[in-house]
Amino acid sequence: MAGAYGPDPARRRISLAFTTVQAVRHEGRSSGYRNEVLSLRLDAAVGSCAVEPGALPADALDDCVGATVADLLGHPLLPVRIAALDAYLGHVRPHTPDHGARPYPLPAGGSLCRSRARARAVVDLVSAEVSRSAERRPVLVVGVVNSLLEQLRSRGLDYLACDLKGGTTEWGEPVLTGTAAGLERCGAILASGMTLGNGTFQGLLDHAAATGRPLVMFAQTGSAVLPRFLGAGVSAVSAEPYPFFWLDGGPGVIHRYGGRP
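Okay, so let's go over this structure. Treat the numbers as computed from the prediction; the structure is a model and nothing was measured.

By the burial criterion, the buried members of helix H5 (residues 146–154) are Asn 146, Ser 147, Leu 148, Leu 149, Gln 151 and Leu 152. Check the buried side of H5 and you find it contacts helix H4 (111–131), strand S5 (139–142), strand S6 (159–162), strand S7 (188–192) and strand S8 (215–219). Gly 156 sits one or two residues past H5 and shows a positive phi near 70°.

Another point: the packing of H4 against H5. Where H4 contacts H5, the two axes come as close as 8 Å, and the packing angle between them is 55°. Accordingly, the angle class assigned to the pair H4 and H5 is oblique. Seen along the crossing, H4 lies across H5 with a hand that is right-handed. Contacts between H4 and H5 involve Leu 112, Ser 115, Arg 116, Ala 119, Arg 120, Val 122, Val 123 and Val 126 from the first element and Ser 147, Leu 148, Glu 150, Gln 151 and Leu 152 from the second. In terms of residue class, the contact of H4 with H5 is made up of seven nonpolar, three polar and three charged.

Moving on, we come to unusual backbone geometry. Looking along the chain, the bond that leaves Tyr 242 and enters Pro 243 is cis, with omega of 5°. Mapped onto the fold, Pro 243 is located in the loop between strand S9 (236–239) and strand S10 (252–258). Notably, Asp 43 is not glycine yet its phi reads approximately 55°, a positive angle.

Moving on, we come to the side chain of Ser 39. For Ser 39, the position within the fold is in strand S2 (residues 33–42). A polar atom in the side chain of Ser 39 sits 2.8 Å from the side chain of Ser 48. Not counting residues up to four positions away in its chain, the partners in contact with Ser 39 are Leu 16, Ala 17, Phe 18, Val 46, Gly 47, Ser 48 and Tyr 242.

Turning our attention to the pairing of S10. As judged from the five bridges shared by strand S4 (residues 102–106) and S10, these two strands associate in the antiparallel manner. Within S10, the position partnered with Leu 106 by the bridge is Gly 252. Across four bridges, S9 lies against S10 in antiparallel orientation. Opposite Ala 239, over in S10, you have His 255 as the bridge partner.

The subject of this paragraph is the sheet that holds S10. Taken in spatial order, the seven strands make up an open sheet running S4-S10-S9-S8-S7-S5-S6, and their pairing is mixed. In the strand order of this sheet, the two ends are held by S4 and S6, each with one partner. Direction aside, the axes of adjacent strands within the sheet are offset by 15° on average. Where S5 and S6 come together, four bridges link them in parallel fashion. By the bridge assignment, Val 139 is partnered in S6 with Tyr 159. Contacts from helix H8 (residues 201–211) reach S5, S7 and S8 within the one sheet, and its direction differs from that of S8 by about 150°.

Conventions and cut-offs
Residues numbered from 1 in each chain as written. Predicted model: local features only at pLDDT ≥ 70, side-chain atom pairs only at ≥ 80, totals over all residues. Heavy atoms only, no water. Buried < 20%, exposed > 50% of the residue type's maximum accessible area, 1.4 Å probe, protein only. Helix = DSSP H or I, 4+ residues; strand = E, 2+ residues; numbered from the N terminus. Contact = heavy atoms within 4.5 Å. Axes fitted to C-alpha atoms, helices over the stretch in contact; angles between N-to-C directions. Parallel < 35°, antiparallel > 145°, perpendicular 65-115°, else oblique. Left-handed = near helix turned anticlockwise from the far one by under 90°. Nonpolar A, V, L, I, M, F, W, Y, C, P; charged D, E, K, R; others polar. Polar contact = N/O pair within 3.5 Å; in protein donor to acceptor, adjacent residues only side chain to side chain. Pairing = 2+ DSSP bridges.

Listed below in structure tokens is the structure:
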């Protein structure tokens, strides 16, 4: 808002607002899930924030269309604020090498194939951070994605699964519904960008900054926001702006920041 990133947010207007709703159950998996994402378009950039399915008020899109970024940064709904910030930062700090991004290609294929490819890219970042530590404590995974857990298992990395929905993992492991117990036990944190949209990110950031434990983010929500926290608690980011891997079967790209090249 103070203009440190260049263009005045009060002079940039959101031209398009939309939601994307997805339901999926991959072959061979015992359970499925649903996603709903709010996205805002600012010139060539699309900023996104995931929400709980059905939680976004029907008039939220009308609030956003034609509004300035400054207006939306003060919106009462946190997901709107995050999506607006993501759109603005994606506009002024696009995912290019000049801004620290390293592209990682995703292959064409089915949703599960592409999910596993993304998981390899994300867990590469985690493995690099864990290898620097003499501690062999588990990775706290905040936001359960089975492909990520599968990849951690394949590399012999122990983990603690945490998700507000609770339940169990694909392998029958209990899922924590709060982070407190996991933070006490973990040696590193792997967290979804959805923590930005539900208000739980700050606690993870504070813990990482205070303890020096690695915090790696995998982000569809806030993909342009989270790289700005590198060196201030965040160790590495896998940034995946819209359109996400599950929307298309063709080749794609995600962008990695921090960690080891």
